[in-house]
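Here is what each chain is made of, one letter per residue.
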Amino acid sequence: MNTPFSSARPFPIPVVALGPGSQDDDEQLDYITMPQGMSTYRAPALPEPEELAGHAGAVGVLAQALERLQALLAGETVEPVRLDGLTAADLALVNQVLGEGEVSAQLLAEPDRLEAGARVRIQESVFAGVWRVIETGEDGTVHDSIELGAVPAVLHRAAREDARPVPVPAPDAPLPPGVLNAPSILIELAEHRQHWREGRPPEVVNLTLLPVTPQDITWLDHQLGTGRVVILSRGYGNCRITNARALNTWRVVYYNSQDTVILNSVEVCAIPEVACAAREDLEDSAERLAEVLQWVSQA
């Protein structure tokens, strides 16, 4: 039986520092290969209507997902659709219809935040904004659900829980060797956090364009800290997103098809837009999911 995450591809993350301060002066200019392919919507291989018609459980949860997605678009608050009670056959059909989209995420365990052995895995379906959220408890109990929205609520919640104050070093504080411009970047990020408000565009500090050294990057990441949220997006090339310990602060790194860093940035926002489904995506998903259920009704 196919299950979410069963076809997940490996995502190696090399540690590479970029920027005008990270190369030797006499080194020749070497253009980075840009991404060569883009992930686009691929319609899932739907079962025949007769197959789905004989599985009321699968059809029922898909209908609930559509109903709640439409309610969400109308401005209502909706609950996830629980899949815990489905039979193996019904769950396999739901997996086949939903497929796997371009965004996946996980919530890493931490002793004081998540019980040992517990984990949360998230996979966007081929219908943007329709998410599979699988929570495994410490005792191995699995709670499987479909969540509708721009991004699953557990990611927002975990990022807020991870937040802690990030002190700005004093101007005369000693710095490790090689750290030059990271303190001023830390001050800029603190100012962005002070002024940024929900609903405003993200404040982005593009480290790739700044004169930073590898030591700057390492020191900056140490000061910001690393939270529990890890998001991978494969919409155009690969993008890895992690939350910092600082409130509303995210590390966003893009890689090309050779796993070389092409954009290294810090964003101050609730959650980076590259991980979120836009309203237009949600509307499109509602239309396509309605077409799937119409297909089922032909039986």
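This text gives an overview of the structure that appears in the document. (Residues numbered from 1 in each chain as written. Predicted model: local features only at pLDDT ≥ 70, side-chain atom pairs only at ≥ 80, totals over all residues. Heavy atoms only, no water.)

## As for the pattern of salt bridges
Here comes step 1: Tallied over the entire structure, the rule returns eight salt bridges.
Here comes step 2: Between Arg-251 and Asp-221 there is a salt bridge; the shortest N-O distance is 2.6 Å. Placement of Arg-251 in strand β9 (residues 249-255) and of Asp-221 in helix α6 (residues 214-224) is noted, with a sequence separation of 30 residues between them.
Here comes step 3: Across the pair Asp-284 and Arg-288 runs a salt bridge, and its minimum N-O distance is 2.8 Å. Highlighted residues: Asp-284 and Arg-288, both in helix α7 (residues 279-296), separated by four residues, approximately one helical turn.
Here comes step 4: Its relative accessible area of 12% is what places Arg-288 among the buried residues. (Salt bridge = Lys/Arg side-chain N within 4 Å of Asp/Glu carboxyl O. Helix = DSSP H or I, 4+ residues; strand = E, 2+ residues; numbered from the N terminus. Buried < 20%, exposed > 50% of the residue type's maximum accessible area, 1.4 Å probe, protein only.)

## Focus on the nonpolar core
Here comes step 1: Ile-122, Leu-155, Leu-189, Leu-220, Leu-224, Ile-231 and Trp-250 are the most contacted members of the largest nonpolar core, which totals 40 residues.
Here comes step 2: With 29 residues, the next largest nonpolar core counts Ala-65, Leu-91, Leu-282 and Val-292 among its residues. (Core = buried A, V, L, I, M, F, W, Y, C linked by side-chain atoms within 4.5 Å.)

## Observations regarding helix α5 (residues 182-195)
Here comes step 1: With 14 residues, α5 should cover 20 Å at 1.5 Å per step; its first-to-last C-alpha distance of 20 Å lies within 8% of that length.
Here comes step 2: Every buried residue of α5 is listed here: Ala-182, Pro-183, Ile-185, Leu-186, Leu-189, His-192 and Arg-193.
Here comes step 3: Contacts from the buried residues of α5 go to β6 (203-206), α6, β9 and β10 (261-268). (Expected span 1.5 Å × (residues − 1). Contact = heavy atoms within 4.5 Å.)

## Brief notes about unusual backbone geometry
Here comes step 1: Even without glycine at this site, Asn-248 takes up a positive phi of about 55°.
Here comes step 2: With respect to the helices, strands and loops of the structure, Asn-248 is situated in the loop between β8 (238-243) and β9.
Here comes step 3: For Asp-259, which is not glycine, the phi dihedral falls at a positive 60°.
Here comes step 4: Relative to the helices and strands, Asp-259 is located in the loop between β9 and β10.

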